[in-house]
Amino acid sequence: MARRKFVAGNWKMNTTKAQAVDLAKAVAAGAPAGVEAGIAPPFVYLDAVGQAVAGSSVLLGAQDVYFENDGAFTGEISIGMLKDLGVRFILTGHSERRHVIKEPAELVAKKASAVYSKGLILVHCIGEKLEERDANKTFEVCQKQIDELDPALFTDPARLVIAYEPVWAIGTGRTASDAQAQEAHAFIRQYIAKRWNASFADAVRIQYGGSMKPDNAAGLMAQPDVDGGLIGGAALKADSFLGIVRAGAPS
Ligand code: PEP
């Protein structure tokens, strides 16, 4: 099956409001056809960025969320609030949330279920740390993090995206080779086929994330199981982000 590539920018805790709006406008103006592009700015700029990309094909995303609908959860943001601002996709399980902020797997799983249940696109991030790769535990870690998703709940493959992001490649400038990425993505797709079924696995998009740049994006996205990218550092400049998005467009 031909899966449409999806390239999403995770801006993390970066930009001022003015920079966020300028970047969003430039991305919206330059996004090519044939590939899906999305941007996930900091929460506080979602409204302004949403207005900047309104009417374009660029999807608005959020970097995190809380799973409850409302109530006494000081500092948290609900899915309903994000939907109000036009958010279409939400990240869960990003390595910085798992390993820096120490978000436990149970919480990641609850957030993932809530995002899907409320009708949004889930981008569920998985990936091994360097010591886990060195100990040949890459597949085991990916399997465990995919197990955070319940196959009985996630029935529409169009609203599930897995972002394979080896932790050792995130923000380090050390990208996985095309072969390393393809090996992990092929495993992930096989495991999804086992837990769901072959046609579901065939339709699910698997993004690669970890120091993807305009000069390595084409090689990575040419791999049969790499269906786009989740981009950190290179998403903060319109030229480099759009260079990656263009590398995912059909030739
Ligand atoms: C990320 O944070 O999801 C990421 C892939 O970052 P970078 O592109 O900077 O490695």
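As a reminder, the structure under discussion sits directly above these lines.
Residues numbered from 1 in each chain as written. Predicted model: local features only at pLDDT ≥ 70, side-chain atom pairs only at ≥ 80, totals over all residues. Heavy atoms only, no water.

Asks: Please explain the site of the ligand as it appears in this structure.
Replies: Taken together, 14 residues form the shell around the ligand, and within it Lys-12, His-94, Glu-165, Gly-171 and Ser-211 come nearest. Here an oxygen atom of the ligand and a backbone polar atom of Gly-171 are 2.6 Å apart. Residue Gly-232 places a main-chain N or O atom 2.8 Å away from an oxygen atom belonging to the ligand. Burial of the ligand by the surrounding chains reaches 97%, relative to a free accessible area of 290 Å². (Near = heavy atom within 4 Å. Polar contact = N/O pair within 3.5 Å; in protein donor to acceptor, adjacent residues only side chain to side chain. Areas by Shrake-Rupley, 256 points an atom, 1.4 Å probe, with all protein chains shown as cover.)

Asks: What exactly am I supposed to notice about helix α1 (residues 17-30) here?
Replies: In an α-helix, one full turn covers 3.6 residues, which means residues spaced three or four apart are oriented alike. A rise of 1.5 Å per residue sets the reference length of α1, with its 14 residues, at 20 Å; its end C-alpha atoms lie 20 Å apart and thus fit the reference within 8%. Taken together, the buried positions of α1 are occupied by Ala-20, Val-21, Leu-23, Ala-24, Val-27 and Ala-28. End-on view of α1: buried residues confined to an arc of 165°, all on one side of the axis. Of the residues in α1, the exposed ones pointing more than 90 degrees away from the buried face are Ala-18, Asp-22 and Ala-29. Buried residues in α1 make contact with β2 (36-40), α2 (46-53) and α11 (238-247). (Helix = DSSP H or I, 4+ residues; strand = E, 2+ residues; numbered from the N terminus. Expected span 1.5 Å × (residues − 1). Buried < 20%, exposed > 50% of the residue type's maximum accessible area, 1.4 Å probe, protein only. Arc of directions from axis to C-beta. Contact = heavy atoms within 4.5 Å.)

Asks: What exactly am I supposed to notice about the sheet that holds β2 here?
Replies: Strand pairing in a sheet relies on backbone hydrogen bonds. The paired strands run either parallel or antiparallel. The eight strands are arranged β1-β2-β3-β4-β5-β6-β7-β8 in a closed barrel whose pairing can be described as parallel. Each strand of the sheet is rotated relative to its neighbour by a mean of 25°, with strand direction disregarded. Relative to strand β3 (residues 59-62), β2 runs parallel, the two being bridged by two bridges. Along β3, the bridge assignment pairs Ile-39 with Leu-60. In the packing of helix α8 (residues 178-195) onto the sheet, contacts are made with β5 (121-126), β6 (160-164) and β7 (205-209), and the angle to β7 comes to roughly 150°. (Pairing = 2+ DSSP bridges. Axes fitted to C-alpha atoms, helices over the stretch in contact; angles between N-to-C directions.)

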